[in-house]
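# Understanding the architecture of this molecule
If you want the building blocks of each chain, they are given just below.
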Amino acid sequence: MSDSRAGAARVRVFGGPTALIEIGGLRILTDPTFDEPGDYEVGPGMFLSKTASAAVQASEIGHLDAVLLSHDEHPDNLDHAGRALLPNVPVVYTTESGARRLGGNALGLAPWDAHELPRPDGGRLTVTGVPARHGPEGCEPVTGDVIGFALSAPDLPSVYVSGDNASLELVQEIADRLGPVDTAVIFAGAVRTPLLDQALLTLNSEQAATAAAMLGARRIVPAHVDSWSHFTEGPDDILAAFTAAGLAERLYLD
């Protein structure tokens, strides 16, 4: 995806939650997942199954200036190959608890914490942690902490990256504080788990369209909608929901 305006973000989704954002001369990767298809045990008798390879290999990504890691505890957001990539990146923005687990170059952000990332042109890109919740209220003992991100600079269009968020109330909080945004990278897929009575752990397609409208996003890039068997909705569902909401012309599907 590209834009004719100078300085606009380019976003390429490689599969699952993994996308490359190019903005202000910087190359920033979200939740890196580059393993080949396979199964991951996430609890006694519980498995997550990756069903498709990423569109590129980790070795083909090239230089990165930062990683936006919504959380480190689930293999569909950080797999083995993704974890191996992290030490080669100058900074990994993630949750505060994740930064303690990862150590090294990991920088934990609480909601509304901000950090400035130097740009090649001498400017700076502000990376702000924004609220996210990986399920219904009180889910954290089961699903863990998660964080979203906002990218901004006075001379650049803004970018929102939701991470594995299931709360429209938090999206409204972000919209009230930061909106409208230029580009929204929204993780969807309608993930559910029996551990929380089949409650949604990420937005479903209809909710993703609602979130896009709340944010006033000019462009919406859906992610986290393919390559894993536990994602219950995919790109076709996204297209149908955004069409029903009258937002299809803002949708960018690879």
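Attention here is on the structure that accompanies the text. (Residues numbered from 1 in each chain as written. Predicted model: local features only at pLDDT ≥ 70, side-chain atom pairs only at ≥ 80, totals over all residues. Heavy atoms only, no water.)

Spatial ordering of the open sheet is given by β1-β2-β3-β6-β7-β8, a layout of 6 strands whose pairing is mixed. The outermost strands of the open sheet, each flanked by one partner alone, are β1 (10–15) and β8 (106–108). The mean inter-strand angle of the sheet, taken between neighbouring strand axes irrespective of direction, is 25°. Sheet topology places strand β3 (residues 26–30) next to strand β6 (residues 66–68); 3 bridges connect them, and they run parallel. Within β6, the residue paired with I28 across the bridge is A66. (Pairing = 2+ DSSP bridges. Helix = DSSP H or I, 4+ residues; strand = E, 2+ residues; numbered from the N terminus. Axes fitted to C-alpha atoms, helices over the stretch in contact; angles between N-to-C directions.)

Here we take up a negative patch on the surface. Taken together, the side chains of E96, D113, E137, E140, D145 and E169 define an acidic patch exposed on the protein surface. Take E137: it is sitting in the loop between β10 (124–130) and α3 (140–143). Using a relative accessible area of 71% as the deciding quantity, one classes E137 as exposed. (Patch = residues over 30% accessible without salt bridge, like charges linked within 9 Å, V, L, I, M, F, W, Y side chains within 5 Å. Areas by Shrake-Rupley, 256 points an atom, 1.4 Å probe, with all protein chains shown as cover. Salt bridge = Lys/Arg side-chain N within 4 Å of Asp/Glu carboxyl O. Lys, Arg positive; Asp, Glu negative; His and termini not counted. Charge placed at Lys NZ, Arg CZ, Asp CG, Glu CD. Buried < 20%, exposed > 50% of the residue type's maximum accessible area, 1.4 Å probe, protein only.)

With 5 bridges connecting them, strand β9 (residues 114–118) and β10 associate as antiparallel partners. Bridging from a neighbouring strand, E116 pairs with T126 of β10. Taking the residues between adjacent antiparallel strands as the criterion, β9 and β10 are bridged by 5 residues, where G122 takes a positive phi near 95°.

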